[in-house]
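Each chain, letter by letter, is given below.
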Amino acid sequence: MAASSPFSATTKTHSHSTHIFTHFNLTTTRTSHFSLRKYIRYSNRDSSKSFVISNVLTNPHQKLQQTSTDDGIGDALDIFVPDSASVSSSIKYHAEMTPSFTPEKFELPKAFYATAESVRDMLIVNWNATYKYYEKMNVKQAYYLSMEFLQGRALLNSIGNLELSGAYAEALTKLGHNLEDVAKQEPDAALGNGGLGRLASCFLDSLATLNYPAWGYGLRYRYGLFKQLITKDGQEEVAESWLEMGSPWEIVRNDVSYPVKFYGEVISGPDGKKEWVGGEDITAIAYDVPIPGYKTKTTINLRLWSTKVASSEFDLNAYNAGEHAKAYEALKKAEKICYVLYPGDDSHEGKTLRLKQQYTLCSASLQDIIAQFERRSGSAINWNTFAEKVAVQMNDTHPTLCIPELIRILMDLKGLSWKEAWNITQRTVAYTNHTVLPEALEKWSLNLLQELLPRHIEIIELIDKELIDTIISKYGSEDLELLQEKFKDMRILDNIELPSSILELLVKPEESNVVIPEADGEISEVVELTNEEVESKGLDLGISDITDKKIKVTFEPDPQLPKLVRMANLCVVSGHTVNGVAEIHSEIVKKEVFNEFYKLWPEKFQNKTNGVTPRRWMRFCNPELSKIITKWIGTEDWVLNTDKLVELRKFADNDELQSEWKEAKQIAKETVVSFIKDKTGYVVSPDAMFDIQVKRIHEYKRQLLNILGIVYRYKKMKEMSPEERVSKYVPRVCIFGGKAFATYVQAKRIVKFITDVGAIINHDAEIGDLLKVVFVPDYNVSVAEVLIPGSELSQHISTAGMEASGTSNMKFAMNGCLLIGTLDGANVEIREEVGDENFFLFGAEAHEISELRKERADGKFVPDPRFEEVKAFVRSGVFGTNYDELMGSLEGNEGYGRADYFLVGKDFPSYIECQEQVDEAYRDQKKWTKMSILNTAGLKNPGLRRVVRYGLGYAV
């Protein structure tokens, strides 16, 4: 069903503004800048407290003035900022009137829900006003489609953005609780896994803060990816429980629902119009989550889809007959679409479920976007203006199906022609590439897509035909071998027959050079005849008579290879813009991953380095350091404009600042010590260096390199006297965190190896506090908010050229943590900003990798003796097993899972030598602290700052 206005409020609108959102191509033209302000009149009637609220838009450069509204509430007299007393009343109201708990007690879980609901009340007021304005002004709006949104906890972030932290802390104290303890009751929303989802959430925060009209669209996963447990056997997975008690932030929109179809068939009407009929139908229901900006009333929306079917689909007869599974089969099929993020896809059923997830996100979101466009357009809908009002950003290839889905709706439901729908789509959608890993560039089975989405395959075939025509137009039709190569690299449909019209154009009769001998055996002539001409002339020539046969160029698919649909190619062909997420990554995208497309459409490709929000990742999670920064810079404006952090550079040698800086870091480290003891049972020293690698477990991220470096360090310690150890090594606490995908066997072996190494080292009395190894279970946003402020060295050590960007490197650097890493992803730009001397660099560079792999394949690689030594030590069984599979992956010259594809052995000597430089620098605490300050301060030249400015790479 088409949605009515999703927000209800009455707002008097005044001024206009201009915003340009460069990557989303988001431009709305108005006459002057506006700021959204909320006027709230506070009244006291009959000794009861109440809020009287109305919303207006004002020019921030003018004096605030009394304004009338037409919402029936009354005149707005002044701005009311809730104090602790009014906040306390609101919390008590929700504890009593919207309870999820029994009324007798006000314990921490109940306090959290009541507090969150009181915050949500204020967010909804701003939310309604924001969208009432967008509706009235018919602004161009960005829609960010992502399979992941790694939100983290919302309570502290929301009250921080509302600038109400003090009022809530005081109110909860009066009610018998501490704000921090209440906030810890909130589970992390299990809607994401790693950097892809966290980036999406940072974007939403920054979009709201910068007053951009935007929405996020995702799926409401009931059980998330998984909750990680660490046992003696390594990683174990159990379902997340974040929705077990409901989420106080989400609002179900029962009036916003859309049909989503799978399977069925496509039929043509008498007029040639296509209709997709039959099949399996489900319903997508909207759940909305408000996203507040910082120091602004702008509050945008994250719309999550949940799936269900009508109650009539429950087969009561089957149930009463005892066939219970059959009775609720349709219900379970629908509901399981939103059960788990990234379900295992080794089986056909798993692949089908993933594809259903992706299509549900795309179909429901596109239907919703079009409904909003039609509502805002009123009675005069002009589809030619659709791309002037709508910008759809695809966060990686997961939302690729929004391309054929948009075309399907425009053609089949709105009556547009193919040419019109294709033109609109190309002007509407844009694509962010997040990976250079071949396995992550999604390819779907043609048969599966034909079965599940028959109409969409027809549309994809049309897009593929458009691409083929473009290639032929560019390169001509004479050089068939060239065209064969172009089609192989560029076609959306891989290993699939060319359209018959193209084959007729390209495939010519086969020709042979035929020798015509004279009677005496002398050659009189060589003629070029087609096979048909040979037959027509009745020439009976033996094989020896044919001296040269031209090579036939065939466009037939290889029956030994699968028929696939390449989703990344579909994105590149259909989108108006393709961006990488770091300078080095964007260059690889242009020169390697999509080089043929870049040669065809160079104007499509650009770089937008990822970013992070400094609100959550500095201001709120590291308050002690934030106070120091504000004191020395003289303003808190850096929270909105991180360029101002460069002011810290001139104080980097100041003893007073260094003393305060070290104290803030020590406070954060003490928090980490308590956290580690609580989560793992290990007791670590706050006086040791905190060395951290927290990110998704993957071979290319090279946690294996890190732990082998630790093992080598441990081995060398054991060979020394106690005095030698103390003089040679700085005490370290080596902290790991991250999830290995449930079916990624090698990654899970790495987790097990890390925990086994920790179990031995941490109980070695000879080593004591000189070295500890800790794996923090179930790494998520809330864990990161504890670990990052207390970190001193952070490892970003991926094989060069394989990490698209990374964002945790930015978070660590912003918090005064030094980085050790390769020239990969955003490391390159961070190093340029903080200065080469403040970054610990090692390892091969991206342009060397392919040659190094070739050297390995040719058997020419000679491993460093130290690398052989550490492998032998592991294989000795000192950590409980010999880890043959893990060590075997680092050996040999070829073969799947062999030959050290990620170059751990190649970079190992450089890595341990760089770690020695880290030890040396850490011993000089004045130097180390200065380096820490300069990491936060960032660039020597603030005019070049692009990585974390506003936390929004696209807007810079």
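Residues numbered from 1 in each chain as written. Predicted model: local features only at pLDDT ≥ 70, side-chain atom pairs only at ≥ 80, totals over all residues. Heavy atoms only, no water.

Named according to an unreviewed UniProt entry, the protein is Alpha-1,4 glucan phosphorylase originating from Heracleum sosnowskyi. Regarding the protein, the UniProt comment filed under Cofactor (unreviewed entry) reads as follows: "pyridoxal 5'-phosphate". Turning to the protein, the UniProt annotation filed under Catalytic activity (unreviewed entry) states: "[(1->4)-alpha-D-glucosyl](n) + phosphate = [(1->4)-alpha-D-glucosyl](n-1) + alpha-D-glucose 1-phosphate". (UniProt positions renumbered as here; feature names shortened; annotations may be inferred.)

Caption draft 1: Fine view of unusual backbone geometry. With phi around 65 degrees, Y263 is a residue other than glycine that occupies positive phi space. Mapped onto the elements of the fold, Y263 is located in the loop between β10 (251-262) and β11 (265-268). On the basis of relative accessible area, Y263 is assigned to the partly exposed category, the value being 23%. Even without a glycine there, the phi angle at A899 is positive, about 70 degrees. For A899, the location among the structural elements is in the loop between α33 (884-888) and α34 (904-923). (Helix = DSSP H or I, 4+ residues; strand = E, 2+ residues; numbered from the N terminus. Buried < 20%, exposed > 50% of the residue type's maximum accessible area, 1.4 Å probe, protein only.)

Caption draft 2: Focus on the pattern of salt bridges. Counted by the stated rule, this structure contains 64 salt bridges. Across the pair E280 and K356 runs a salt bridge, and its minimum N-O distance is 2.9 Å. Of this pair, E280 sits in strand β13 (residues 280-292) while K356 is found in helix α10 (residues 348-377), placing the two residues 76 residues apart along the sequence. Among the salt bridges present, the one from R354 reaches D345, with a minimum N-O distance of 3.8 Å. A relative accessible area of 15% places R354 in the buried class. We classify D345 as partly exposed; its relative accessible area is 25%. Overlapping salt bridges, with partners in common, bring together E868, K871, R875, D884 and E891 in one network. (Salt bridge = Lys/Arg side-chain N within 4 Å of Asp/Glu carboxyl O.)

Caption draft 3: Up close: the pairing of strand β9 (residues 234-238). Summarising the sheet, strand β8 (residues 227-231) and β9 pair through five bridges and their orientation is antiparallel. By the bridge assignment, I230 is partnered in β9 with Q235. In this structure, the hairpin formed by β8 and β9 is closed by a connection of two residues. (Pairing = 2+ DSSP bridges.)

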